[in-house]
Amino acid sequence: MSHKKDDIIYSILKMIAESTGPVGSGYVRENLKLKGIELSEATCGRILRQLDTEGYTEKIGFKGRILTTFGMQKLKELENEQKINAYSNELKKVIKATGRQELLDILVARKAIESQMAKLAAKNATLKELKEMKEVLEIQQRHVEEGVSIAEEDVKFHKLVAQAARNRVLDAALDLIRQYGQLSPILEYIRLQVKGKMLYDHNKIYEAIEKRDEKAAEAAMIEHIENLMHDVEKYWDIIYSGQENSKGENN
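Rules used throughout
- Residues numbered from 1 in each chain as written.
- Predicted model: local features only at pLDDT ≥ 70, side-chain atom pairs only at ≥ 80, totals over all residues.
- Heavy atoms only, no water.
- Helix = DSSP H or I, 4+ residues; strand = E, 2+ residues; numbered from the N terminus.
- Buried < 20%, exposed > 50% of the residue type's maximum accessible area, 1.4 Å probe, protein only.
- Contact = heavy atoms within 4.5 Å.
- Areas by Shrake-Rupley, 256 points an atom, 1.4 Å probe, with all protein chains shown as cover.
- Pairing = 2+ DSSP bridges.
- Expected span 1.5 Å × (residues − 1).
- Arc of directions from axis to C-beta.
- Core = buried A, V, L, I, M, F, W, Y, C linked by side-chain atoms within 4.5 Å.
- Salt bridge = Lys/Arg side-chain N within 4 Å of Asp/Glu carboxyl O.
- Axes fitted to C-alpha atoms, helices over the stretch in contact; angles between N-to-C directions.
- Left-handed = near helix turned anticlockwise from the far one by under 90°.
- Nonpolar A, V, L, I, M, F, W, Y, C, P; charged D, E, K, R; others polar.
- pLDDT = per-residue confidence, 0-100.
- Phe/Tyr/Trp six-rings, centres within 6.5 Å; stacked < 30°, edge-to-face > 60°.

### Considerations on the overall build of the protein chain
And step 1. What the protein chain contains, in helices and strands, is 12 helices and two strands.
And step 2. Traced from its N-terminal end to its C-terminal end, the protein chain shows the element sequence α-α-α-β-β-α-α-α-α-α-α-α-α-α.
And step 3. Among the 251 residues that make up the protein chain, the fraction classed as buried is 40%.
And step 4. In the protein chain, of all internal contacts separated by at least 6 residues, the share reaching a separation of at least 24 is 73%.
And step 5. Of the accessible surface of the protein chain, which amounts to about 14600 Å², a share of 52% is contributed by carbon and sulfur atoms.

Right under this line is the structure:
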């Protein structure tokens, strides 16, 4: 089994960080072997010397290596990448298991319900609710610039619109859809892959609600949900169409 270089470096830095003393190439080789990574002691030695050169580790005589401050920073960076990659892989599985048509059906239902909620929100939103929407969008903008997930702000924004609509029947219907707990991160992941524009859509909805323009708010929400549907279609074309075609050819 082949292993990515970053995965090997992450494993080595982690074992050095967790060790109570300096670590040598023999120790690294044996611990990598336990993780299913087969490398010679000479190769491990070369990697450790490279880590010395890059400032991630420091050699303590013949005892072995310890992690530098810079090495600890690199380890944290790689740990974050590992978490992101693991989360992305899980989302890919969930997306595939959920299926294109089910996602589209959910969005069709959301379009019908939330377009009316946006229209009512333009009529009923209080100044406090408008202020809260604006604050959520400002946080969302910062998170986009920082490369941080905005799934939480997505949920908050739509909940604030629903709250401002003041229609318990529509809210109850939307609650059924909200039971799909992974929907926001799924749609965020898809948007990132196809370069969707959720933040622009949310700003447009907010501006219409703030102006008390019911028709514009309804139209902006419809456009937003239809953009999400387009993103789902585009994602499936990019990621799965080739796989489905190859399956067809093999049958």
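### A look at the pairing of strand S2 (residues 64–67)
And step 1. With four bridges joining them, strand S1 (residues 57–60) and S2 adopt antiparallel strand pairing. Pairing of Lys59 across the sheet is with Arg65, part of S2.

### A few points about helix H10 (residues 198–210)
And step 1. End to end, H10 covers 18 Å across 13 residues, agreeing with the expected 18 Å (1.5 Å per residue, within 8%).
And step 2. Positive backbone phi, at 65°, marks Arg212, one or two positions downstream of H10.

### Structural notes on helix H2 (residues 25–34)
And step 1. For H2, the full list of buried residues reads Ser25, Val28 and Leu32. For H2, the buried positions fall inside an angular range of 60° around the axis, keeping them on one side.
And step 2. Residues of H2 that are buried sit in contact with helix H1 (5–18) and helix H3 (41–53).
And step 3. Positioned one or two residues after H2, Gly36 has a phi angle of 85°, which is positive.

### Focus: the nonpolar core
And step 1. Ranked by internal contacts, the top residues of the largest apolar core, which has 40 residues, are Leu107, Met117, Met133, Phe157, Val161, Ile209 and Val232.
And step 2. Elements that contribute at least two residues to this core include exactly helix H5 (100–124), helix H6 (127–146), helix H7 (151–165), helix H8 (168–178), helix H9 (183–194), H10 and helix H11 (214–239).
And step 3. When sequence neighbours within four positions are dropped, the list of residues in contact with Ile209 reads Ala118, Ala121, Ala122, Ala125, Leu130, Met133, Val161 and Ala217.

### Focus on the environment of Pro185
And step 1. Take Pro185: it is sitting in helix H9.
And step 2. Given the relative accessible area of 10%, Pro185 is considered buried.
And step 3. Separated by 33 residues in the primary sequence, Pro185 and Glu152 place their C-alpha atoms 8.4 Å from one another.

### Structural notes on the pattern of salt bridges
And step 1. Inspection of every chain in the model, using the stated rule, returns 12 salt bridges.
And step 2. Measuring nitrogen to oxygen at the nearest pair gives 2.7 Å for the salt bridge that ties Asp52 to Arg65. Remark: Arg65 occurs in strand S2 and Asp52 occurs in helix H3; sequence separation between them is 13 residues.
And step 3. Residue class for Asp52 comes out partly exposed when judged on its relative accessible area of 23%.
And step 4. Overlapping salt bridges, with partners in common, bring together Lys14, Glu18 and Glu79 in one network.

### A word on the packing of H5 against H8
And step 1. Packing of H5 against H8 leaves a shortest axis separation of 10 Å and a crossing angle of 145°. As H5 runs across H8, the sense of the crossing is left-handed. Residue-level contacts link Ile106, Ala109, Arg110, Ile113, Glu114, Gln116, Met117 and Leu120 of H5 to Leu170, Asp171, Ala173, Leu174 and Ile177 of H8.
And step 2. Residues that form the contact of H5 with H8 fall into these classes: nine nonpolar, one polar and three charged.

### Things to note about the environment of Ile239
And step 1. In this structure, Ile239 sits in helix H11.
And step 2. A relative accessible area of 31% means that Ile239 is categorised as partly exposed.
And step 3. Once the C-alpha coordinates of Ile239 and Gln193 are considered, the two residues, 46 residues apart in sequence, prove to be 9.5 Å apart.

### A word on the confidence of the model for the protein chain
And step 1. When pLDDT is averaged along the protein chain, the result is 84, and 84% of the positions lie at 70 or above.
And step 2. Across residues 244–251, confidence stays below pLDDT 50; counting only partners more than four residues off in sequence or on other chains, it has one contact.

### Examining the packing of aromatic side chains
Geometrically, a pair of aromatic rings is defined through the distance of the ring centres and the angle of the planes.
And step 1. Evaluation of the coordinates by the stated rule reveals two aromatic pairs.
And step 2. With 5.0 Å between their ring centres and 40° between their planes, Tyr56 and Phe70 make a pair best called tilted. Placement of the pair is Tyr56 in the loop between H3 and S1 and Phe70 in helix H4 (residues 69–98), with a sequence separation of 14 residues.
And step 3. Ring geometry for Tyr235 versus Trp236: centroids 5.8 Å apart, planes at 70°, classification edge-to-face.

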